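Structural overview for review
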Amino acid sequence: MNSALVFSLLVTNNVLLTNGFGALGLQRNKDNTLFTFLNAILVAVGTIVCAVLYNVIYTYLLDPYNVEKLGVLIVVVLAGAINFATLGILKASNKEMYYYYDTTYSYVINMGLTIGILFCINSALSLIDCLITSAFIGLSYVLTSMLFAFVYNRLHSRRISRMIRPVPITILTMAVLSMIIYAISISF
């Protein structure tokens, strides 16, 4: 069930949040593959860091003192801090990437994605299991983002109505991803 939730978060992030609901053709970040890759790597690393930090906090503070309800606040603070650090890294390193990050509301989108993924990771796992789980989720996010970025240019065919352009390729991409994830899951 957790895998289905994480997959839904990854696809939702790429189809709806990053593209927007009504202005699918106006999102400039999908035209820049370098930005998509850099953003995906930063989100993956941020997710791993947040998951490990939350696991340590949960193991040594929240669980022993029976204050698990504070976990929601800690998850939000960790996700906000990591994504704020990502914003700072992009701003200091490359103005063009920072412009893409700022104009596509990536801070809010990435923060929501990080929070959702952290809720899907079991807090009672050992530190190594948490690290492995979050690393696989981060890798899945990078692969999913890049798959969507590579097929996004095909959406700009002039023969298809602007209102229905994203539908066929999105459905095809989701089907291929579902088959890949299913094949990986049954092989373990």
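One can find the structure itself at the top, above this paragraph.
This text gives an overview of the structure that appears in the document.

A tally of helices and strands in the protein yields 7 helices and 0 strands. Ordered by position from N to C terminus, the α and β elements of the protein give α-α-α-α-α-α-α. Looking at the 188 residues of the protein, the share that counts as buried comes to 41%.

On to the environment of Thr86, then. Note that Thr86 resides in helix H3 (residues 71-93). Look at Thr86 and you get buried, because its relative accessible area is 4%. In sequence terms Thr86 and Val43 are 43 residues apart; their C-alpha atoms lie 8.1 Å from each other. Sequence-distant contacts of Thr86, that is, excluding residues within four places in its chain, are made with Leu42 and Tyr101.

Looking now at the packing of H3 against helix H5 (residues 106-120). Helix packing for two helices is described by the angle between their axes and how far apart those axes are. The N-to-C vectors of H3 and H5 enclose an angle of 140°; their axes lie 9 Å apart at closest approach. The orientation of H3 relative to H5 falls into the category oblique. Remark: the crossing between H3 and H5 carries right-handed chirality. Here H3 contributes Val72, Val75, Val76, Ala79, Gly80, Asn83 and Phe84 to the contact with H5, which in turn contributes Tyr107, Asn110, Met111, Thr114, Ile115, Leu118 and Phe119. Looking at the contact of H3 with H5 residue by residue, the class counts come to 10 nonpolar, 4 polar and no charged.

Another point: the packing of aromatic side chains. Counted according to the given criterion, the structure contains 1 aromatic pair. Plain terms: the ring middles of Tyr54 and Tyr58 are 6.2 Å apart, the flat faces sit at 40° to each other, and that makes the pair tilted. Placement of both Tyr54 and Tyr58 in helix H2 (residues 33-62) is noted, with a separation of 4 residues, approximately one turn of the helix. With respect to class, Tyr54 is no different from Tyr58; both count as buried.

Let us now look at the environment of Ser140. Secondary-structure assignment places Ser140 in helix H6 (residues 127-152). What makes Ser140 partly exposed here is its relative accessible area of 32%. For the pair formed by Ser140 and Ala40, sequence separation is 100 residues and the distance between their alpha carbons is 9.8 Å.

Another aspect to go through is a nonpolar patch on the surface. On the surface, Val56, Tyr60, Leu61, Tyr65, Val67, Leu70, Leu73, Val77 and Leu127 cluster together into a nonpolar patch covering about 890 Å² of accessible area. Those elements giving two or more residues to the nonpolar patch turn out to be H2 and H3. It is H2 that contributes the most residues to the nonpolar patch, 3 residues altogether. Relative to the helices and strands, Leu127 resides in helix H6.

Now for the packing of H2 against H5. At their nearest, the axes of H2 and H5 sit 10 Å apart, and the two run at 40° to each other. Overall, the two elements H2 and H5 adopt an arrangement that is oblique. H2 and H5 meet at a crossing whose hand is right-handed. On H5, the residues touching Phe35, Asn39, Val43, Thr47, Cys50 and Ala51 of H2 are Ser106, Asn110, Leu113, Thr114, Ile117 and Leu118. Residue classes in the contact of H2 with H5 are distributed as 7 nonpolar, 5 polar and no charged.

Parameters and conventions
Each chain carries its own residue numbering, running from 1 in the written order of its sequence. Local features in a predicted model are, by the rule used here, given only for residues with pLDDT of at least 70; side-chain atom pairs are given and counted only at 80 or more, and totals for whole chains, interfaces and linings are based on all residues. Computation of side-chain values covers all heavy atoms of the structure but excludes hydrogens and water. Strands are runs of DSSP state E lasting at least two residues, helices are runs of H or I lasting at least four, and both sets are numbered from the N terminus onward. Residue exposure (1.4 Å probe, protein chains only): buried if accessible area is under 20% of the type maximum, exposed if over 50%, otherwise partly exposed. Here, two residues are considered to be in contact whenever any of their heavy atoms come within 4.5 Å of each other. Orientation is described by lines fitted to C-alpha atoms, with helices fitted over the stretch in contact, and by angles between N-to-C directions that extend from 0 to 180 degrees. We call two directions roughly parallel when the angle between them is under 35 degrees, roughly antiparallel when it is over 145, roughly perpendicular when it lies between 65 and 115, and oblique otherwise. Each helix crossing is assigned a hand: it is left-handed if the near helix lies turned anticlockwise from the far helix by less than a right angle, otherwise right-handed if that turn is clockwise. Only Asp, Glu, Lys and Arg are considered charged, only Ala, Val, Leu, Ile, Met, Phe, Trp, Tyr, Cys and Pro nonpolar, and every remaining residue, Gly among them, polar. Pairs were defined over the aromatic rings of Phe, Tyr and Trp, the Trp ring being its six-membered one, requiring ring centres within 6.5 Å. Orientation was assigned from the angle between planes: stacked under 30 degrees, edge-to-face over 60, tilted for the rest. What makes a patch is a set of residues exposed beyond 30% relative accessible area and free of salt bridges, joined within 9 Å when like-charged and within 5 Å when nonpolar (Val, Leu, Ile, Met, Phe, Trp, Tyr). For every accessible area listed, the method is Shrake-Rupley and the probe measures 1.4 Å; residues are considered covered only by the protein chains on display. Salt bridges are identified by distance alone: a Lys or Arg side-chain nitrogen within 4 Å of an Asp or Glu carboxyl oxygen.

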